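Listed below, chain by chain, are the residues.
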Amino acid sequence: MYLNRQETGARYEEEAARALYARGYRILERNFRCRFGEIDIIARHQGLLVFVEVKYRRDSRNGFPEEAVDRRKQAAIQKAAEVYMHRYGYDWWAGCRFDVVSFLGEEIRIIEDAFWKE
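The rules behind the values
Residues numbered from 1 in each chain as written. Predicted model: local features only at pLDDT ≥ 70, side-chain atom pairs only at ≥ 80, totals over all residues. Heavy atoms only, no water. Helix = DSSP H or I, 4+ residues; strand = E, 2+ residues; numbered from the N terminus. Rg over C-alpha atoms; globule rule 2.2 N^0.38 Å. Buried < 20%, exposed > 50% of the residue type's maximum accessible area, 1.4 Å probe, protein only. Contact = heavy atoms within 4.5 Å. Salt bridge = Lys/Arg side-chain N within 4 Å of Asp/Glu carboxyl O. Core = buried A, V, L, I, M, F, W, Y, C linked by side-chain atoms within 4.5 Å. Phe/Tyr/Trp six-rings, centres within 6.5 Å; stacked < 30°, edge-to-face > 60°.

**Remarks on the overall build of the protein**
Move 1: Within the protein, the secondary structure is distributed over two helices and five strands.
Move 2: Reading the helices (α) and strands (β) of the protein from amino to carboxyl end gives α-β-β-β-α-β-β.
Move 3: Rg of the C-alpha trace for the protein: 14 Å, near the compact-globule value of 13 Å for 118 residues, within the 12% margin.
Move 4: For the C-alpha atoms alone, the extent of the protein along its principal axes is close to 45 × 30 × 20 Å.
Move 5: A total of 118 residues make up the protein; the buried ones form 39% of that total.
Move 6: Residue pairs in contact within the protein that sit at least 24 positions apart in sequence constitute 53% of those at least 6 positions apart.

**Here's the deal with the environment of W116**
Move 1: Inspection of the secondary structure puts W116 in the segment after strand 5 (107–115).
Move 2: With a relative accessible area of 65%, W116 lands in the exposed category.
Move 3: On a C-alpha basis, the gap between W116 and C96 in space is 9.5 Å, while along the polypeptide they are 20 residues apart.

**Things to note about the pattern of salt bridges**
Move 1: Within this structure, the stated rule accounts for 11 salt bridges.
Move 2: One salt bridge connects E14 with R18, and the closest N-O pair in it is separated by 3.5 Å. With E14 and R18 both in helix 1 (residues 5–22) and four residues apart, the pair spans about one turn of that helix.
Move 3: Several salt bridges share partner residues, and in doing so they unite R11, E15 and E106 into one network.

**Describing the nonpolar core**
Move 1: Core analysis: the biggest nonpolar cluster contains 17 residues, and I39, I42, L49, F51, Y84, M85 and F98 have the highest contact counts within it.
Move 2: Among the secondary structure elements, those contributing two or more residues to this core are strand 1 (26–34), strand 2 (37–45), strand 3 (48–57), helix 2 (71–87) and strand 4 (96–104).
Move 3: Ranked by the residues each element gives to this core, the list is headed by helix 2, at five residues.
Move 4: The next biggest cluster of nonpolar side chains, apart from the first, holds 12 residues, and it includes A16, I41, V101 and F103.

**Focus on the packing of aromatic side chains**
Move 1: Tallied over the full model, the rule gives eight aromatic pairs.
Move 2: Aromatic pair F98 and F115: ring centres 4.9 Å apart, planes at 20°, arrangement stacked. Here F98, found in strand 4, pairs with F115, found in strand 5; they are 17 residues apart in sequence, far enough to count as distant.
Move 3: A residue is classified by how much of its surface remains accessible, and F115, at 5% relative accessible area, is buried.

Right, dumping it as structure tokens:
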């Protein structure tokens, strides 16, 4: 069965949410959107607010999925995270981190603290 990009993204975001939940993450929100972009999953884990980007690649011919979270994408995620935190009353310098859930084919990798807030 062929899935379009949106269906593929939704499938892997669902799988990522299940994997995170199984590792003790409490999912707060999915697909948070603002003018700066989208955050795939927002969760609480080990006392921290966690902003999660989900990336999928069928194979590594064009690099690994997490490599697609470049500086420009990181900056957009950070700005969207600031909007979320402001909207819901979190202090920007309170404990938060940025994780990436990477799918290469059906192999999943959860990368905690994938990049730093600036």
